[in-house]
Amino acid sequence: MRSTQQTPPIISAKLFSAGKQIQFLETLKRLRFSGQLVFTSSKEEQWVFYLYQGQIMYATGGVHPVRRFQRNLAVHCTQMLVNTNRSTLQQDLVGLNATASTLCWEYKLLSLWVAQKKITSQQASNMIQAVVAEVLFDLAQAMRVIYQINPDNSLSNPLVLIDVHEALAKLQQSWQVWRNSMIADYSPNSAPLIKQPAEMRKRTSDALYQRLAQLLNGQRTLRDLAVQMQQDVVQVIRSLLPYIQWEWVELMSIPDLPSPVDTPVPETPRSQAESKGSLIACVDDSPLVRQTMQSLLSAAGYQFLGVDDAMRAFGILLARKPDLIFLDLVMPNANGYEICAQLRKLACFRNTPIVILTGNDGIVDRVRAKLVGASDFLSKPVDAGIVLSVIRKHLKQGVQA
């Protein structure tokens, strides 16, 4: 029999372990990134966040995307749940583009239903916020995750935009409640099943046993039961905790409901050590700029080289010979113009793309940057989409050349 006080010490660090990667959402907010952020766990579970200008449009993935969708329909869009099953979902999806419908079909259905006035914009907004909260919580329970970004505009019409700061603050609150309730090592996606019916029947009343036997049949997750019982999922699991600890009830992993589409699997992200992309250098004395660029470029599959000192830049760049260089315009001891002009005198950097970074976006600066051989000119704060498009443009030109 397990004691309610015996929470494994490692659990308290779970949010911290995955939290380092989850905080990358903050970086993408600063960069106003639009596209997909894909997290992958060591168990090959994947969660996909769709972002627009750094804010969350939708999130999906994990072990039960269809269950999650159906469950939240029951809470937020009751009128749609009555006649909604796999075949009716497929019929609604037929009207959408055949290729696009398989990509985040849940969001596209909500958009369709709002357009058809089957549900209201507020209902869709409430449902999306609930779904995102569930996905973030599941992601936080993953011990280790890696991430990758994919520029993507398939969801270009936001039904709601969720602020990253607010979403992460709510996640922290939810996790604190979960952990303080001494249930941190249990997943809300597990399904309770009566393991020892004879013991339960002997120790409980007939009425209670019949009720428990009906609910705890291994077909519904803890989250499903919370919706059915109109209770918070924390209340549900705490009420079952004694039975679980006495081993009368077992928490099982169960499969998802059938999906109405064949959902493509996002490309598995690579760790930084595994990344074999082009080497991108950033010469900038600002730790925030270098850290932000490293997070963005590593997530996009590029190798990153950060240089914080203009005087040391030549030796480091000569040793590593990056495929593209971002160069800060204003630094102590030397400015970007001088460094760019000196690099262009070296044969190995004569054709290397050099992109000037600056907070001063004036026509004089742009002209002078061109005169010293800069390939491009970007204003700070940097925008993720622009940074990635500039890299792709110049590296593609280099390949063609």
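Read on for a plain summary of the structure. (Residues numbered from 1 in each chain as written. Predicted model: local features only at pLDDT ≥ 70, side-chain atom pairs only at ≥ 80, totals over all residues. Heavy atoms only, no water.)

1. Observations regarding the packing of aromatic side chains
Counted under the stated rule, the structure contains 11 aromatic pairs. A centroid spacing of 5.2 Å and a plane angle of 65 degrees characterise the contact between Phe-69 and Trp-105, whose relative ring orientation is edge-to-face. Of the two residues, Phe-69 sits in helix α3 (residues 65-76) while Trp-105 sits in helix α6 (residues 105-115), which places them 36 residues apart along the sequence. Residues Phe-69 and Trp-105 agree in their burial class; the two are buried. Ring centres of Phe-69 and Trp-113 lie 6.2 Å apart, and the angle between their planes is 35 degrees; this geometry places the pair in the tilted category. Here Phe-69 is found in helix α3, whereas its partner Trp-113 is found in helix α6, with 44 residues between them in sequence. Note on Phe-69: relative accessible area 1%, which makes it buried. For Trp-113, a relative accessible area of 0% corresponds to the buried category. Among the aromatic residues, ring-to-ring pairing joins Phe-24, Phe-39, Phe-49 and Tyr-147 into one connected group. (Phe/Tyr/Trp six-rings, centres within 6.5 Å; stacked < 30°, edge-to-face > 60°. Helix = DSSP H or I, 4+ residues; strand = E, 2+ residues; numbered from the N terminus. Buried < 20%, exposed > 50% of the residue type's maximum accessible area, 1.4 Å probe, protein only.)

2. Focus: the pairing of strand β8 (residues 303-307)
Summarising the sheet, strand β7 (residues 279-283) and β8 pair through five bridges and their orientation is parallel. Bridged to Ile-280 within β8 is Phe-304. As a crossover connection, the stretch from β7 through helix α13 (residues 287-299) into β8 is right-handed. (Pairing = 2+ DSSP bridges. Right-handed = clockwise from strand over helix to strand, strands pointing away.)

3. A few points about helix α7 (residues 121-141)
Compared with an ideal rise of 1.5 Å per residue, which puts 21 residues at 30 Å, α7 spans 31 Å between its outermost C-alpha atoms and is within 8% of the ideal. Of all the 21 residues making up α7, 15 are buried; the element is thus mostly covered by neighbouring parts of the structure. (Expected span 1.5 Å × (residues − 1).)

4. Notes on the pattern of salt bridges
A complete count under the given rule lists 13 salt bridges for this structure. Here Arg-203 ties to Glu-199 by a salt bridge, and the two come within 3.7 Å at their closest N and O atoms. Separated by four residues within a single helix, Arg-203 and Glu-199 lie in helix α9 (residues 197-203), roughly one turn from each other. Using a relative accessible area of 55% as the deciding quantity, one classes Arg-203 as exposed. Since its relative accessible area comes to 22%, Glu-199 is described here as partly exposed. Close ionic contact of Lys-380 with Asp-284 constitutes a salt bridge, the shortest N to O distance being 2.8 Å. Residue Lys-380 is found in the loop between β11 (376-379) and α17 (384-400), and its partner Asp-284 is found in the loop between β7 and α13; the two are separated by 96 residues along the sequence. You can call Lys-380 partly exposed: its relative accessible area is 27%. Judged by its relative accessible area of 0%, Asp-284 falls in the buried class. If you follow the salt bridges from partner to partner, you end up with Arg-67, Arg-68, Arg-71, Glu-134, Asp-138, Arg-223 and Asp-224 in one network. (Salt bridge = Lys/Arg side-chain N within 4 Å of Asp/Glu carboxyl O.)

5. Section: the pairing of strand β3 (residues 55-61)
In terms of burial, β3 is largely enclosed, as six of its seven residues are buried. Note that strand β2 (residues 46-52) and β3 share six bridges and pair antiparallel. Considered in β3, the bridge of Val-48 is made with Thr-60. Taken together, β2 and the strand that follows it, β3, pair antiparallel across an intervening segment of two residues, in which Gln-53 is found at a positive phi of about 50 degrees.

6. Here's the deal with the packing of α3 against α6
The description of two helices packed together rests on the angle between their axes and the distance between the axes. At a minimum axis distance of 11 Å, the contact between α3 and α6 shows a crossing angle of 25 degrees. Relative to α6, α3 is oriented roughly parallel. Of α6, the residues touching α3 (which contributes Pro-65, Val-66, Phe-69 and Leu-73) are Trp-105, Glu-106, Leu-109, Leu-110 and Trp-113. The class makeup of the residues in the contact of α3 with α6 is eight nonpolar, no polar and one charged. (Axes fitted to C-alpha atoms, helices over the stretch in contact; angles between N-to-C directions. Parallel < 35°, antiparallel > 145°, perpendicular 65-115°, else oblique. Contact = heavy atoms within 4.5 Å. Nonpolar A, V, L, I, M, F, W, Y, C, P; charged D, E, K, R; others polar.)

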